[in-house]
Amino acid sequence: MDKNFLWGGATASYQCEGAWDVDEKVPSMWDVYLHENDLENGDVASDHYHRYEEDIRMMKEGGQNSYRFSLAWPRIIKNKEGDVNQKGLDFYHKILDTCKKYDIEPFVTLYHWDLPQYWEETGGWLNHEVCAAFEHYAKVCYEAFGDKIINWTTFNEPKWFVANGYMIGNYPPGFQDPQKTMIAAYNVMYASALGVKAFREGGYKGQIGIVHSYTPVNGVDDSIDTRIAMRYADNYCNNWILDTAALGEFPIDLISVLAKDYDVSFMKADELKVIKENTVDFIGLNYYSRTLVKPYTGGETQLSFNHSGKKGESKVLIKGWFEQVKDPNNETTEWDTEIYPKGLQDGLIEAWDRYHLPIYVTENGVGVREDVTVDQVNDDYRISFMNDHINAIMNAMDQGADIRGYYAWASFDLYSWKNGVEKRYGLVAVDFEKEQKRTPKASYYWFKDMIESNGEKIQRREFD
Ligand code: BG6
């Protein structure tokens, strides 16, 4: 591996910081949604707000050279007028200075889903004004941290928070409405382009990208109908983010299909020009699994998501488009995620062939229930998962893909959105019951050795 390859873990502000109302932070849409619905929340989470020094030191001791994290918009911008909260900036300066102290390269996301509630109250991503507000927030961050950060990304996973928030309804704001989904998707991609534009116009050093929840698409067979279903699935899962961010264009076949049933007049020529002219420098791909599909011709759209950790609750069937199916030969987690490292290899090669931009694997991990009261969590399954996925990355690199980093999700245990803290992903165990005690898992030491061996420790194999 190249000596500049970035090896690290990733987190997100809402999922780890806690301190939800400290130092003049205003509520995010997630704070309000979870409080109002009396759901498990991230008020305290992993208390990274107070324990960042220990967490970043452990990254260094674990052999890592980078940390991917997000900035919280509601910590930094106090109100709709755009006033800046200096205490919010100070917190991230402390994080960045600690990264520097330990020689950890920061890899920073501007938006990992925690929209300020004052914007949600005006319609959130359905309100076009939020795009300009995002641009203002991005500019404040570039100005404040431009000399400490060289790797920026605008949004984490537009597909995930838009589909879940506006189509499936399991995330705030909880809509199940295709028209709203399209508007939110458009506004997010336009806001992302504005963020890229502001970065370039400001002449800041470094590079800017976007992070996508990548689910490469496979079909159950090679028939024409399955191929058509695959294209629908690829447009729904991947292309509206990656084509738009990397090539500057929404997939035309997707827009023409949607235009038959929905109003697409919210797409404006001058804004599409901004999208076209402000494509990203690189793409970040979060990989958990692929999407295996077959045609879905009968019945209504059915979408549901497994947040209980009881197998069999996830469903994705989109009327006239595709049905997501399971491959009975592969293992799935209790949360219905198929373990399929070959999908990462195939997906990386596909993304490289299609976009020819540098790629960072910005999240990869496995979420499970774990007893963290033991001296050390022996998470062999995570070691094997990481080995196989890093092997997939190496195979893709051998075939020419330009991949520059790998981030385990997550650096340490954190709050897993609607799954609460029960679903654990960390390299470091956090005992949420016992004063947030941190204890490295076996995977943390394995990752350290693997990084120190510069990838030589990976058990290599070709996938069938
Ligand atoms: C990604 C997100 O979708 O996957 C993370 O960027 C998230 O924020 C991770 O936590 C795992 O998903 P989940 O729902 O199991 O926490």
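Scoring rules and cut-offs
- Residues numbered from 1 in each chain as written.
- Predicted model: local features only at pLDDT ≥ 70, side-chain atom pairs only at ≥ 80, totals over all residues.
- Heavy atoms only, no water.
- Near = heavy atom within 4 Å.
- Polar contact = N/O pair within 3.5 Å; in protein donor to acceptor, adjacent residues only side chain to side chain.
- Areas by Shrake-Rupley, 256 points an atom, 1.4 Å probe, with all protein chains shown as cover.
- Helix = DSSP H or I, 4+ residues; strand = E, 2+ residues; numbered from the N terminus.
- Expected span 1.5 Å × (residues − 1).
- Buried < 20%, exposed > 50% of the residue type's maximum accessible area, 1.4 Å probe, protein only.
- Contact = heavy atoms within 4.5 Å.
- Pairing = 2+ DSSP bridges.
- Axes fitted to C-alpha atoms, helices over the stretch in contact; angles between N-to-C directions.
- Salt bridge = Lys/Arg side-chain N within 4 Å of Asp/Glu carboxyl O.
- Phe/Tyr/Trp six-rings, centres within 6.5 Å; stacked < 30°, edge-to-face > 60°.
- Lys NZ or Arg CZ within 6 Å of the ring centre and 35° of its normal.
- UniProt positions renumbered as here; feature names shortened; annotations may be inferred.
- Parallel < 35°, antiparallel > 145°, perpendicular 65-115°, else oblique.
- Left-handed = near helix turned anticlockwise from the far one by under 90°.
- Nonpolar A, V, L, I, M, F, W, Y, C, P; charged D, E, K, R; others polar.

1. What about the site of the ligand?
1) Next: Surveying the vicinity of the ligand reveals 15 residues, the closest of which are Gln15, Glu157, Ser416, Lys423 and Tyr425.
2) Next: Tyrosine 288 places a polar side-chain atom, nitrogen or oxygen, 3.5 Å from an oxygen atom of the ligand.
3) Next: Contact distances for the ligand include 2.4 Å between an oxygen atom and a side-chain N or O atom of serine 416.
4) Next: A total of 380 Å² of accessible area belongs to the ligand in isolation, and the protein chains cover 95% of it.

2. Re helix 5 (residues 86–101)
1) Next: The terminal C-alpha atoms of helix 5 lie 22 Å apart, and with 16 residues this matches the ideal 22 Å at 1.5 Å per residue to within 8%.
2) Next: Taken as a whole, helix 5 has its buried residues at Gly88, Leu89, Phe91, Tyr92, His93, Ile95, Leu96, Thr98 and Cys99.
3) Next: Those residues of helix 5 that are buried are in contact with helix 1 (13–16), helix 3 (48–61), strand 2 (66–70), helix 4 (73–76), strand 3 (105–111) and helix 7 (129–145).
4) Next: Where helix 5 begins, the side chain of asparagine 85 points an oxygen toward the backbone nitrogen of lysine 87, at a separation of 3.1 Å.

3. Side note on the sheet that holds strand 10 (residues 315–318)
1) Next: If you trace the five strands from one edge of the open sheet to the other, you get 6-8-11-10-9, paired in mixed fashion. The sheet terminates laterally at strand 6 (217–219) and strand 9 (302–304), the two strands that pair on one side only. If you compare each strand with its neighbour and ignore which way they point, the axes differ by 30° on average.
2) Next: Running at roughly 165° to strand 6, helix 10 (residues 224–247) makes contact with strand 6, strand 8 (291–294), strand 9, strand 10 and strand 11 (322–324) of the sheet.

4. Remarks on the pattern of salt bridges
A pair can form between side chains of opposite charge whenever their charged atoms are brought close.
1) Next: Summed over all chains, the structure comprises 34 salt bridges.
2) Next: Arginine 57 is the partner of glutamate 61 in a salt bridge, and the nearest nitrogen-oxygen pair spans 3.1 Å. In this pair, glutamate 61 and arginine 57 both sit in helix 3, four residues apart, roughly one turn of the helix.
3) Next: In this structure arginine 57 comes out as partly exposed when scored by relative accessible area, which is 29%.
4) Next: In this structure, the salt-bridge partner of arginine 461 is aspartate 388, at a minimum N-O distance of 3.9 Å. Of the two residues, arginine 461 sits in the segment after helix 15 (442–452) while aspartate 388 sits in helix 14 (residues 380–398), which places them 73 residues apart along the sequence.

5. Some points on the sheet that holds strand 7 (residues 282–287)
1) Next: The eight strands lie next to each other as 1-2-3-4-5-7-12-13, forming a closed barrel whose pairing is parallel. Across the sheet, the axes of successive neighbouring strands diverge by a mean angle of 25°, strand direction being ignored.
2) Next: Relative to strand 7, strand 5 (residues 207–214) runs parallel, the two sharing six bridges. Counted as the bridge partner of histidine 212 is leucine 285 from strand 7.
3) Next: Of the strands in this sheet, strand 1 (6–10), strand 7, strand 12 (359–363) and strand 13 (403–409) are in contact with helix 14, which crosses strand 13 at around 170°.

6. Description of helix 7
1) Next: Given a rise of 1.5 Å per residue, 17 residues ought to cover 24 Å, and the 25 Å separating the end C-alpha atoms of helix 7 matches this to within 8%.
2) Next: With 12 of 17 residues buried, helix 7 is to be regarded as a mostly interior element.
3) Next: Where helix 7 is concerned, the buried positions are Val130, Cys131, Ala133, Phe134, Glu135, Tyr137, Ala138, Val140, Cys141, Tyr142, Ala144 and Phe145.

7. Some words on the packing of aromatic side chains
1) Next: Tallying each qualifying case throughout the model produces 48 aromatic pairs.
2) Next: Between tyrosine 118 and tryptophan 119, the ring centres sit 6.2 Å apart and the planes meet at 55°, which makes this aromatic pair tilted. An identical accessibility class is assigned to tyrosine 118 and tryptophan 119; each is buried.
3) Next: For the cation-ring pair, arginine 290 lies above tyrosine 340, with the distance from its terminal atom to the ring centre recorded as 3.7 Å.
4) Next: It is arginine 438 that lies over the ring of phenylalanine 412; its NZ or CZ is 5.5 Å from the centre.

8. Some words on the side chain of asparagine 391
1) Next: Structurally, the position occupied by asparagine 391 is in helix 14.
2) Next: Discounting chain neighbours no more than four positions away, the residues touching asparagine 391 are Ile458, Gln459, Arg460, Arg461 and Phe463.

9. Focus: the pairing of strand 15 (residues 437–440)
1) Next: Both strand 14 (residues 428–431) and strand 15 contribute to a ladder of four bridges, which runs antiparallel. Within strand 15, the position partnered with valine 428 by the bridge is proline 440.
2) Next: Turn length for the strand 14-strand 15 hairpin, with the two strands adjacent in sequence and antiparallel, is five residues, and the turn residue glutamate 435 shows positive phi of about 50°.

10. Structural notes on the UniProt feature "active site" (unreviewed entry) in the protein
1) Next: If you check UniProt for "active site" (unreviewed entry), the listed places come out as Glu363 in our numbering.
2) Next: Here glutamate 363 falls in the buried class, since its relative accessible area comes to 4%.
3) Next: Among the polar contacts listed, one links the side chain of glutamate 363 to the side chain of asparagine 286, at a separation of 3.1 Å.

11. Looking at the packing of helix 10 against helix 13 (residues 341–355)
1) Next: Their axes nearest at 12 Å, the elements helix 10 and helix 13 cross at an angle of 50°. Classified by the interaxial angle, the pair formed by helix 10 and helix 13 is oblique. Crossing of helix 10 over helix 13 shows right-handed handedness. Here Arg231, Asp234, Asn239, Leu242, Asp243, Ala246 and Leu247 of helix 10 lie close against helix 13, whose contacting residues are Glu350, Arg354 and Tyr355.
2) Next: Grouping the amino acids of the contact of helix 10 with helix 13 by side-chain chemistry returns four nonpolar, one polar and five charged.

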